[in-house]
Amino acid sequence: MKNSKILINVYKKCPFRWFVYFLYYLLQAVIPYVYSFLIAIILNKLIIDNFFNQSVIVTIILASLVFAINTTIYKWGPLLYDYVTFKLRKKFQKDFFSKLAKEDVLYFQKRENLEKNSFAENAIGFDFFHFGSATILFVISLFTLIFASIALFSYSIVVFLITIAVSITLYFFKKHLINNEIKFNDSLKTYDLQLNYYKRVYEDKNAVFEFKIYNLFDIYSKKIIEIETLIQNKVNSFAKKQSVLWFLFYFIKFVFNIVIALILLNIVKESKSPTIGALYFGIQLFNNFIGDFDERLNDIISLKVSKKYINDYYDIINKKNNYTNNIIKSDEKDYLIKANDLNFTYDNEANFSLKDVNIKILKNKTIAILGENGSGKSTLVNILLKTYNNNLCQYSTNIFVDNKIGAIFQDYHKYSFKLRDIVLLGDLNKEYRDEDIISTFYHLDATNILNKVSLDDYLGDSYNLGGKNISEGEWQKVNLCKVFIKKDRDIYVFDEPTSSLDPKAEYMLYSNIKNYCNNKTSILISHRIGFAKLADYIYVMENGRIIEEGTNDDLLKQNGKYTKLYHEQMKYYDKSMLEDIKI
């Protein structure tokens, strides 16, 4: 994206705050020159005139005041930074998350997208401000540099020409040094990602069990040390080469300062009206010139990195989805979702994950989708619920309000929030009393959770050390409360909710579900046969296709895949349990 368009977008987000920022740094740029000028006058009065008078006292007071102002405004810098960045970040963040909300789930499963999101978030937090502020400072410094150049030129053409020549030389020298560092940091990215991965494994509670059983701690610690040593060796080697160049850079700068000081001193000596004030002011002009030039040089070079992150942000914001909306609104009243000859393939995969699928989700009925792992049942439901999008997917639906859907998935996130807040994630559009939440726990026979965890307690310990830990079965019930806190959903979806539970616990969970799903539309997805009698209609999937469909009794008569699974798994279930589960 062009720099001009970036700046326009940055400044129009909060124009008044940027104007305040501009005035602040304009004042900060001018004051050093005013202060140097006043000190030069004082030096001349004291040394040349050799006495105090009223004008000297007034000048000293003015210089002290300017110094105090200069010191004070530096203290305002962090406050001004917060003043501008808060509003700026808020504006850009709103656009960013609005765009992400339109992406499907598959977008977030790609590593390159997550990396770009991370860079874009960095742009929101820092780089947009840096781009806007650096441009303002560059414009201000341009004017101060012009003023300093005119003053130096009138004071000494030699000093002016030497300053320009050395400044340009130092600019390209420093640019080369910083570019070296940018390239080097990029070369370490793969090693940093690998190191972070190995360190994150320690935080995985599931991995720790294998670490203990297979004694993997030593192996992993050696691997981490190996990568850290490799990185450190590369850093040391680079630092040695770079330090020589940085020494040369600052040596040139030091020699330059000495040469300019000697030239200025010689000019003052040969002047018909030599003044210590003139010498002081000349040196300060030179130092201010070099200082401003050096700082703006850093800004210009660092903008290269900021521009990359900003471009990542706009790549996301301006990205056009490569799929079309093939959802058709239907006037038929007997179903919520219907798909005819539905096909789906994941990106960069040649084979279809779903092929010629025909399915109808009837209103106020319980539909079961049965299949072994990898059969495509979860993919199908993700498409029907609009979490996956693809040009090949076309179906009709009577559901157009997202918060009318309630779902529990096999792999769910365990939020480290207050118990109350976790439950209320199920419906953020309405305010609920604590009595409503407790009632939901009661109807799901989950009040035992409230006996050891209050609604104000945090669950988990991701960032709150006082968080309470609960069992897997209790997490399942908390998630059910999240789904059932809202009473008027159009459809309930349960995707492998009992995969980690034994048949008895599975029975108890479905017993809780049936209290809420009576005469409501629900979809049950599993590779287990135990829930089959819950369903009014069953679809059996294999290799991305629906190979059988019908009621439990119909499918048993077909003596096909369903019958085989039924007889293989029935031995794990108590007959009385299956007879009790009815919706």
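Keep in mind it's a predicted model, so treat the numbers as computed, not measured.

Enquirer: Where do I start with the overall build of the protein in this structure?
Expert: Check the secondary structure of the protein and you find 18 helices and 10 strands. Classification of the 583 residues of the protein by burial places 43% in the buried group.

Enquirer: What is the right way to look at the pairing of strand β8 (residues 521–526) in this model?
Expert: The two faces of the sheet receive side chains in turn, since in a regular strand these alternate between them. Counting buried residues in β8 gives six out of six residues, a clear majority hidden from the surface. Pairing analysis gives five bridges linking strand β4 (residues 366–370) to β8, with the strands arranged parallel. Across the sheet, T366 pairs through a bridge with S522, a residue of β8. Looking at chain direction, strand β7 (residues 491–495) and β8 are connected through five bridges and run parallel. Pairing of F494 across the sheet is with L524, part of β8.

Enquirer: It is not clear to me how the sheet that holds β4 should be interpreted in this structure. Could you clarify?
Expert: Backbone-to-backbone hydrogen bonds pair the strands of a sheet. The strands run either parallel or antiparallel. Strands sit in the order β6-β7-β8-β4-β9-β10 across an open sheet of six strands; the sheet is mixed. In the strand order of this sheet, the two ends are held by β6 (405–408) and β10 (545–550), each with one partner. Pairs of neighbouring strands in the sheet enclose a mean axial angle of 15°, with direction left out of account. The sheet contacts of helix α10 (residues 377–384) involve β4, β7, β8 and β9 (537–542), and relative to β8 the element is tilted by about 150°.

Enquirer: Honestly, the pattern of salt bridges in this entry has me stumped. Any pointers?
Expert: Opposite charge on two side chains allows them to pair when their charged atoms are near. For the structure shown, the criterion picks out 13 salt bridges. A salt bridge links K414 to E472, with the shortest nitrogen-to-oxygen separation between them at 3.0 Å. Within this pair, whereas K414 is found in the loop between β6 and α11 (419–424), its partner E472 is found in helix α14 (residues 472–484), the two being separated by 58 residues in sequence. By relative accessible area, K414 is classed as partly exposed at 35%. Linked through salt bridges whose partners overlap, the residues forming this network are E372, E542 and K561.

Enquirer: Sorry if this is basic, but what is going on with a nonpolar patch on the surface here?
Expert: A surface patch of nonpolar side chains, amounting to about 760 Å² of accessible area, comprises F247, L248, F251, F254, V255, I258, V259 and L262. Relative to the elements of secondary structure, F251 occurs in helix α8 (residues 217–270). By relative accessible area, F251 is classed as partly exposed at 43%.

Enquirer: Is there a simple way to explain α10 in this structure?
Expert: An α-helical turn contains 3.6 residues, so any two residues separated by three or four positions project in the same direction. Counting buried residues in α10 gives seven out of eight residues, a clear majority hidden from the surface. Listed in full, the buried residues belonging to α10 are K377, T379, L380, V381, N382, I383 and L384. The first or second residue beyond α10 is K386, which carries a positive phi of 70°.

Enquirer: Got a minute to help me understand the nonpolar core in this structure?
Expert: Nonpolar side chains tend to gather and get buried jointly when the protein is soluble and globular. Ranked by internal contacts, the top residues of the largest apolar core, which has 44 residues, are L419, F441, L480, F484, F494, I538 and Y562. Those elements that place two or more of their residues in this core are β4, α11, α12 (434–443), α14, β7, α15 (503–517), β9 and α17 (561–569). For this core, the leading source of residues is α14, giving six residues. When near neighbours in sequence (up to four residues on either side) are disregarded, F484 contacts T440, L444, Y492, F494, I513, Y516 and C517.

Enquirer: Sorry if this is basic, but what is going on with the environment of S378 here?
Expert: Residue position: S378 is located in helix α10. Using a relative accessible area of 26% as the deciding quantity, one classes S378 as partly exposed. When neighbours within four sequence positions are excluded, S378 is seen to be in contact with D495 and I525.

Enquirer: Explain unusual backbone geometry here, please?
Expert: Leave glycine aside and you will find that most residues have negative phi; peptide bonds, for their part, are mostly trans. Positive phi outside glycine occurs at D356, with the angle close to 50°. Along the chain, D356 turns up in strand β3 (residues 354–362). Despite not being glycine, N559 shows a phi value in the positive range, around 55°. Mapped onto the secondary structure, N559 falls in the loop between α16 (552–558) and α17.

Enquirer: In this structure, what is going on with the packing of aromatic side chains? I would like to understand it.
Expert: Note on aromatic pairs: each is described by the distance of the centres and the angle between the planes. On inspection of all chains with the given rule, the structure shows 22 aromatic pairs. Aromatic pair Y11 and W18: ring centres 5.3 Å apart, planes at 85°, arrangement edge-to-face. Judged by relative accessible area, W18 falls into the buried class, the value being 4%. Ring geometry for F249 versus Y250: centroids 5.1 Å apart, planes at 85°, classification edge-to-face. Sitting over the face of the ring of F92, K13 holds its NZ or CZ atom 4.9 Å from the ring centroid.

Enquirer: When you look at α14 in this model, what are you seeing that I'm missing?
Expert: For α14, with 13 residues, the first-to-last C-alpha span of 19 Å sits near the 18 Å given by 1.5 Å per residue. Counted residue by residue, α14 has 10 buried out of 13 residues, so it is predominantly covered. Buried within α14 are the following residues: E474, W475, Q476, V478, N479, L480, C481, K482, V483 and F484.

Enquirer: Hey, could you run me through the environment of I438 in this one?
Expert: Along the polypeptide, I438 turns up in helix α12. What I438 contacts, discounting residues up to four positions off in sequence, is L450 and L455.

Enquirer: Sorry, what's going on with the confidence of the model for the protein here?
Expert: Residues with a pLDDT of 70 or more make up 79% of the protein, whose mean pLDDT is 77. The low-confidence segment residues 399–403, where pLDDT is below 50, has 13 contacts with residues more than four positions distant or belonging to other chains.

Enquirer: Where do I start with the pairing of β7 in this structure?
Expert: Counting buried positions along β7 yields five of five residues, so the element is predominantly enclosed. Residues of β7 alternate between two faces, with I491, V493 and D495 on one and Y492 and F494 on the opposite face, all of them buried. Inspection of the sheet shows β6 paired to β7 by four bridges, in the parallel sense. Bridge pairing links I408 to F494 in β7.

Thresholds applied
- Residues numbered from 1 in each chain as written.
- Predicted model: local features only at pLDDT ≥ 70, side-chain atom pairs only at ≥ 80, totals over all residues.
- Heavy atoms only, no water.
- Helix = DSSP H or I, 4+ residues; strand = E, 2+ residues; numbered from the N terminus.
- Buried < 20%, exposed > 50% of the residue type's maximum accessible area, 1.4 Å probe, protein only.
- Pairing = 2+ DSSP bridges.
- Axes fitted to C-alpha atoms, helices over the stretch in contact; angles between N-to-C directions.
- Contact = heavy atoms within 4.5 Å.
- Salt bridge = Lys/Arg side-chain N within 4 Å of Asp/Glu carboxyl O.
- Patch = residues over 30% accessible without salt bridge, like charges linked within 9 Å, V, L, I, M, F, W, Y side chains within 5 Å.
- Areas by Shrake-Rupley, 256 points an atom, 1.4 Å probe, with all protein chains shown as cover.
- Core = buried A, V, L, I, M, F, W, Y, C linked by side-chain atoms within 4.5 Å.
- Phe/Tyr/Trp six-rings, centres within 6.5 Å; stacked < 30°, edge-to-face > 60°.
- Lys NZ or Arg CZ within 6 Å of the ring centre and 35° of its normal.
- Expected span 1.5 Å × (residues − 1).
- pLDDT = per-residue confidence, 0-100.

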